[in-house]
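Residues per chain are reported as follows:
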Number of protein chains: 2
Amino acid sequence: MSALILNNIAQHIRLTPEEEAHFVSLLSAKTIRRKQFLLRETDVCRHSAFVTHGCLRGYTVDANGFEHILQFAPPGWWIADMYSLLSQQPGNLNIDALEDTDVLLLAKSDQEQLYHDIPKFERFFRIITENSLVASRRRLLDNMSLSAQQRYESFCRHYPTLIHHLAQKQIAAYIGVTPEFLSKMKSEWLRKPKG
Amino acid sequence: MSALILNNIAQHIRLTPEEEAHFVSLLSAKTIRRKQFLLRETDVCRHSAFVTHGCLRGYTVDANGFEHILQFAPPGWWIADMYSLLSQQPGNLNIDALEDTDVLLLAKSDQEQLYHDIPKFERFFRIITENSLVASRRRLLDNMSLSAQQRYESFCRHYPTLIHHLAQKQIAAYIGVTPEFLSKMKSEWLRKPKG
DNA sequence: GAAATTTCTTAATCTACATTATTGGCCCCG
DNA sequence: CGGGGCCAATAATGTAGATTAAGAAATTTC
């Protein structure tokens, strides 16, 4: 049941069976049903979540009521409101489920204890965070330098599996256009089958 | 001379004098003159750089020749092409100096050795990276949800000291508008002194 | 310290994308 | 089966910000 998360960890650090057992004992399983929330923007984020089944999304709502999606979290991904988790103040991220989803939760306090008990985890989360930072910067650049069309293509290239799974509305909110414009782009794209 | 960097580190981890000395011995000082490059986009990034004097900028050039600034690095800031540093492949970040600038360089290989020799550094760079990630996501959200006007205000709020220092052109490239439009915004802003 | 280069401003025109509105399909629930 | 939501498609109109151009101001260079 925790095979996925142990496998995820084993890609970066090597744990003894005892360490694995200790780590797993800190996790608590939870199921979030479709459209239910794991975190609301008024909450303080107290856990990191690892998705084992289903799909979560992290998004904010701006002053005009528009949703902006920061992250999708399919199985094998971590998700949290890092700002809120670090500062222990209310953040501005909502996390809800696009379909019924199973997660493993690691409490912030346990995570910090883990850094002391098994310093290798310091390394693990450093690496995870470094990779997230690289991805976040690439996306920032995409947003600044690419047209909507190119951002859509970039999304398709980067998340080929997610794309069938998601409503177009969600993809539009991720790449930063209205659903209407995404629809228009796709129909124009069908007309001229490009290169 | 390395007081600034030791102070920066002391905000997150506590080092013994011997550890400090060892760390400092790994650093090499370098001066980059105005308009000279610390890193070109065709290079593999082999160092993390800590700025002690002056100001660097990290930017990419898109297909149409426009510059997009990912980061300014005034004194007390770290800068590197994280993607290239991690993958040891050519990245797409240029780093050059806006004025004559002094940096302390830490080679990737030394940084990795440091993680073994003084594990506290694993923690230090984890925390630094976490903070960068939070900042990067906030900026991504700003880009997706705010108008150019609001992004300019957000920049002024966030970098009150930098703003006098920098050419408007640079600020425009950072917030993602043309210099012409930034100029227009500012003159409109003068006309109606806002609230 | 004058020429050369770069930067800033203003203004006219243009365009990628937003807004609003309408329609039809699909799914859920009674 | 029949109605109420939600989602996608299409299209008309609107707008934030880009593009282009050209002159003024500031800085760099020699």
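Structural data are supplied above this passage.
Structure report, in brief. Keep in mind that this is a model prediction, so the values were computed, not measured. (Residues numbered from 1 in each chain as written. Chains lettered and ligands numbered in written order. Predicted model: local features only at pLDDT ≥ 70, side-chain atom pairs only at ≥ 80, totals over all residues. Heavy atoms only, no water.)

Looking now at the protein's contact with DNA strand D. What surrounds DNA strand D is a group of 16 residues, the closest being Gln168, Lys169 and Ser183 of chain A together with Ala148 and Thr178 of chain B. When atoms of DNA strand D within 4 Å of the protein are sorted by moiety, sugar and phosphate together comprise 72%. A distance of 3.1 Å is found between a phosphate oxygen of DNA strand D and a side-chain nitrogen or oxygen belonging to Ser183 of chain A. Of all the secondary structure elements, the ones that give two or more residues to the surface near DNA strand D are helix H8 (168-175) and helix H9 (179-191) of chain A together with helix H6 (148-158) and helix H9 (179-191) of chain B. Considering each element in turn, the surface near DNA strand D owes the most residues, 3 residues, to H9 of chain A. Taken together, the residues of the surface near DNA strand D sort by class into 5 nonpolar, 6 polar and 5 charged. (Near = heavy atom within 4 Å. Polar contact = N/O pair within 3.5 Å; in protein donor to acceptor, adjacent residues only side chain to side chain. Helix = DSSP H or I, 4+ residues; strand = E, 2+ residues; numbered from the N terminus. Nonpolar A, V, L, I, M, F, W, Y, C, P; charged D, E, K, R; others polar.)

Let us look at the relation of the copies chain A and chain B. Placing chain A over chain B gives an RMSD of 0.1 Å and needs a rotation angle of 180°, together with 0.0 Å of translation along the axis. Taken together, the rotation angle and the small translation identify this as a two-fold axis. Among all C-alpha atoms of chain A, that of Arg126 of chain A lies closest to the rotation axis, at 2.2 Å. Counting the interface residues of chain A, we find that 100% of their copies in chain B are interface residues as well, pointing to one common contact surface. (Least-squares fit on C-alpha atoms with pLDDT ≥ 70 in both. Contact = heavy atoms within 4.5 Å.)

Take the interface of chain A and chain B next. Many descriptions give the size of an interface as the accessible area lost when the pieces come together. Listed by partner, the interface residues are 32 residues for chain A and 32 residues for chain B. The largest contributions to the chain A side of the interface with chain B come from Arg137, Leu140 and Met144 of chain A, which together make up 20% of the buried area. Linking chain A with chain B are 4 salt bridges, by the criterion used here. Taking the shortest distance from any N to any O, the salt bridge between Glu122 of chain B and Arg123 of chain A comes out at 3.3 Å. Viewed at the interface, chain B and chain A are joined by 5 residue pairs in polar contact (both at pLDDT 80 or more). Secondary structure elements with two or more residues in the side of chain A that touches chain B: strand S5 (67-73), helix H3 (82-87), helix H4 (108-117) and helix H5 (120-145) of chain A. It is H5 of chain A that provides the largest number of residues to the side of chain A that touches chain B, a total of 18 residues. For the side of chain A that touches chain B, the residue count by class is 14 nonpolar, 11 polar and 7 charged. (Buried area = accessible area lost by both parts, 1.4 Å probe. Salt bridge = Lys/Arg side-chain N within 4 Å of Asp/Glu carboxyl O.)

Time to look at the packing of aromatic side chains. What characterises a pair of aromatic rings is the spacing of the ring centres plus the angle enclosed by the ring planes. Residues and elements named next belong to chain A. For the coordinates displayed, the defined rule picks out 28 aromatic pairs over all chains. Considering the side-chain rings of Phe23 and Phe121, the 4.9 Å spacing of their centres and the 25° angle between planes classify their relative orientation as stacked. Of this pair, Phe23 sits in helix H2 (residues 17-26) while Phe121 sits in helix H5, and the two are 98 residues apart along the sequence. Note on Phe121: relative accessible area 0%, which makes it buried. (Phe/Tyr/Trp six-rings, centres within 6.5 Å; stacked < 30°, edge-to-face > 60°. Buried < 20%, exposed > 50% of the residue type's maximum accessible area, 1.4 Å probe, protein only.)

Burial in H6 of chain B covers these residues: Ala148, Arg151, Tyr152, Ser154 and Phe155 of chain B. One face of H6 of chain B carries all of its buried residues, which in axial projection span an arc of 160°. (Arc of directions from axis to C-beta.)

Another aspect to go through is the side chain of Glu19 of chain A. Residue and element names in this part refer to chain A. Residue position: Glu19 is located in helix H2. Residue Glu19 is classed as buried on the basis of its relative accessible area of 18%. Within polar-contact distance, the side chain of Glu19 engages the backbone nitrogen of Thr16 at 2.9 Å. Those residues in contact with Glu19 that sit more than four places away from it in its chain are Arg14, Ile118 and Lys120.

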